[in-house]
Structure formats: structure tokens, C-alpha cells
Amino acid sequence: MSELVFFCGTMDCGKSTLALQIEHNRSARGLVGMIFTRNDRAGEGKLSSRLGLVTDAVEVEDGADLYAHLVDHLSQGRRADYVIADEAQFLDPEQIDQLARVVDDLDLDVYAFGITTDFRSKLFPGSQRLVELADRVEVLQVEALCWCGARATHNARTVGGVMVVEGAQVVVGDVTGSADEIGYEVLCRRHHRRRMTAATARAAALAPDVLPVSSG
Ligand SMILES: Nc1ncnc2c1ncn2[C@@H]1O[C@H](COP(=O)(O)OP(=O)(O)O)[C@@H](O)[C@H]1O
Ligand SMILES: Cc1cn([C@H]2C[C@H](O)[C@@H](COP(=O)(O)O)O2)c(=O)[nH]c1=O
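Analysis parameters
Residues numbered from 1 in each chain as written. Chains lettered and ligands numbered in written order. Predicted model: local features only at pLDDT ≥ 70, side-chain atom pairs only at ≥ 80, totals over all residues. Heavy atoms only, no water. Pairing = 2+ DSSP bridges. Helix = DSSP H or I, 4+ residues; strand = E, 2+ residues; numbered from the N terminus. Axes fitted to C-alpha atoms, helices over the stretch in contact; angles between N-to-C directions. Expected span 1.5 Å × (residues − 1). Buried < 20%, exposed > 50% of the residue type's maximum accessible area, 1.4 Å probe, protein only. Contact = heavy atoms within 4.5 Å. Phe/Tyr/Trp six-rings, centres within 6.5 Å; stacked < 30°, edge-to-face > 60°. Near = heavy atom within 4 Å. Polar contact = N/O pair within 3.5 Å; in protein donor to acceptor, adjacent residues only side chain to side chain. Areas by Shrake-Rupley, 256 points an atom, 1.4 Å probe, with all protein chains shown as cover. Nonpolar A, V, L, I, M, F, W, Y, C, P; charged D, E, K, R; others polar. Arc of directions from axis to C-beta.

Asks: Can you break down the sheet that holds strand β11 (residues 182-187) residue by residue, with the values?
Replies: Remark on secondary structure: sheet strands pair via backbone hydrogen bonds, oriented parallel or antiparallel. A sheet is described by the order of its strands in space; here three strands give the open sequence β10-β9-β11, paired in antiparallel fashion. Two strands bound the open sheet, and with one partner strand each, they are β10 (162-164) and β11. In this sheet, neighbouring strand axes are inclined to one another by 50° on average, regardless of whether the strands run parallel or antiparallel. Summarising the sheet, strand β9 (residues 154-159) and β11 pair through six bridges and their orientation is antiparallel. When the sheet's bridge partners are listed, Ala156 is paired in β11 with Glu185.

Here is the structure:
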């Protein structure tokens, strides 16, 4: 029985690496995958991991019909034995419905990978639809860590290391942003709520004691 599986986690927890491993293991056995992505940091039509691996993929455009894309592909006599969709948080809810239809009507496994929540800890619409429709939701086991050592569960957007809470939902970027550009940092919930990033925690630790010291 084919399935729609949503592999999720914070940024930088190994989702794209797992997508590439699934692709590698299946193609090593002669299977052919249809790989979708959207807004990968490596550029259009790429699925890339921070471990340095990258593969070609179909860039999903606004309004593209993923079910129709597969039907066209198959009716041209070309193969697709399974589907991978990386950066699935950027897909429209309708496109997630199309992926569910690929599972049900074309009997192909669909493996979707993405972050569930944005920098304000709100669900991305595509991820919400995946949680609603997936046969299985798998949280990645290699956990990313907050600067405090706790499991990172939230994605913060930063400018110069300082967490921001205003802005567009979609801004492509990385967890290694330079000082003045928009970047991201994964945090535990406590530090996301307190807007305390590694940089602001470091600055607070270095600041002179704010409590008055008096002998009386
Ligand atoms: N130099 C490295 N050595 C070992 N593992 C690394 C290295 N750089 C990155 N990683 C691993 O890659 C993970 C990020 O993988 P990636 O697939 O790009 O994440 P995601 O798609 O979830 O954002 C990190 O959490 C870490 O486990
Ligand atoms: C939190 C958050 C992230 N993004 C972007 C930043 C990256 O380009 C991707 C996540 O990629 P990864 O492979 O999981 O690291 O999403 C965004 O646009 N908006 C956000 O709020």
C-alpha cells in the first residue's frame, strides 16, 4: 500500500540528507524517482544537503499541478516509481492534496520533507495540509540543538544575531548567515519565547551586573 509520509523537523536537522539517502537507496535498486523541490538554497531545480550532496530536481512553480505533472510524465512512457518533495513547507495546500492523489490514484509512495513552523512558530500552510493528510508524520531523530544544549524545536529568524518577529513568511536563508544579513537559528521553545539567541545570550553573559551592589 503506497503512503504519503511527512518527514519534519527544524531547519538543519538532516531532512534533505534523508531525502537524498532515500533517493540513493531506491535508485541503487533500479527504481526511478520524481524529485520535486522549491526554493532550495542551492538554486532552482536542486535538492541539496549541508553535507555537500546535491541532486537535480523539478522546481515547483506557483500553481503547478503535481498530479498532472506525474500523469503527463507517465503517459509519455517515462518512469516514476516514487516521489520525493523537499522544502514541502513552500508548497501550496492544493499541491499537497495533489500529492495525496498521487498516492491514492497512481499508487506511488510520496516522501515529503519540510519544516512545520515558521520563524513566528506558525504552521506553514503546506505543512499544515501535510499534517492533515499524511499517512505518517515522522519527526527526524537527529535532533538539532539550541545554544543551551536542549533539543531545538523552533526556528528563529535573525538579523545580526538578533531574533526578529516581523517580516514575510518566506525568506530563503541559512543557519550560517553573516552578521548583517537575515539568517536563522534553531532554538528550544523556552529561548524562542524569550527571543534569546546564541548572540544575545552571549551579550547578556558579558554585560556588567545590572543589579546595584550595595553594602547596606
Ligand atoms: N561537517 C559536518 N559533519 C557532519 N555532519 C554535518 C556537517 N555539516 C552538517 N552536518 C549534518 O547535516 C545536518 C543538516 O543536514 P540538511 O540535510 O542540510 O538539513 P535540513 O534539510 O534539515 O535543513 C546537520 O544537522 C548535521 O547533522
Ligand atoms: C523558519 C523559516 C525558514 N524559511 C526558509 C529558510 C530556508 O530557506 C528554508 C528551510 O530550509 P532547511 O533546508 O530546512 O534548512 O525555509 C522561511 O522562508 N521562513 C521561515 O519562517
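Asks: How would you explain helix α3 (residues 93-106) if you had to name every residue and give the values?
Replies: Taking 1.5 Å of rise per residue, the 14 residues of α3 would be expected to cover 20 Å, and the 19 Å separating its terminal C-alpha atoms lies within 8% of that figure. When α3 is considered as a whole, its buried residues turn out to be Gln95, Ile96, Gln98, Leu99, Ala100, Val102 and Val103. As for α3, its buried residues are in contact with β1 (4-8), β2 (33-37), α2 (66-75), β6 (82-85), β7 (109-114) and α4 (125-133). Asp107 sits one or two positions beyond α3 and adopts a positive phi of about 60°.

Asks: Can you explain the packing of aromatic side chains? Please cite residues and give values.
Replies: Scanning all chains against the criterion turns up three aromatic pairs. Each ring, one from Phe7 and one from Phe113, has its centre 5.0 Å from the other, and the planes form 10°; the classification is stacked. On the criterion of sequence distance, the pair formed by Phe7 in strand β1 and Phe113 in strand β7 is long-range, its members being 106 residues apart. On the accessibility criterion, Phe7 (11% relative accessible area) is buried.

Asks: Any details on the site of ligand 1? Residues and values, ideally.
Replies: Residues in contact with ligand 1, as listed here, are Met11, Asp12, Cys13, Gly14, Lys15, Ser16, Thr17, Ser49, Arg50 and Leu51. Gly14 has a polar backbone atom sitting 2.9 Å from an oxygen atom of ligand 1. Interatomic distance of 2.8 Å between a side-chain N/O atom of Lys15 and an oxygen atom of ligand 1. For ligand 1, the accessible surface in isolation is 570 Å², of which the surrounding protein chains cover 63%. A per-class count over the shell around ligand 1 returns three nonpolar, four polar and three charged.

Asks: Could you give an account of the sheet that holds β1, with specific residues and numbers?
Replies: The six strands are arranged β5-β2-β6-β7-β1-β8 in an open sheet whose pairing can be described as parallel. At either margin of the open sheet sits one strand with a lone partner, and together these are β5 (58-59) and β8 (136-139). Sheet analysis places β6 next to β7, joined by four bridges and oriented parallel. Looking at the pairing, Tyr82 lines up with Asp109 of β7. Sheet strands in contact with α2 are β2, β5 and β6, and its direction is about 150° off that of β2. Along the sheet, α4 contacts β1, β7 and β8; its crossing angle with β1, the most-contacted strand, is approximately 130°.

Asks: Break down α2 for me, citing the residues and quoting the values.
Replies: Buried within α2 are the following residues: Leu66, Tyr67, Leu70 and His73. The buried residues of α2 occupy an angular sector of 130° when the element is viewed end-on, so they sit on one face. Next to the buried residues of α2 lie β2, β6 and α3. Gly77, located one to two residues past α2, shows a positive phi value of around 85°.

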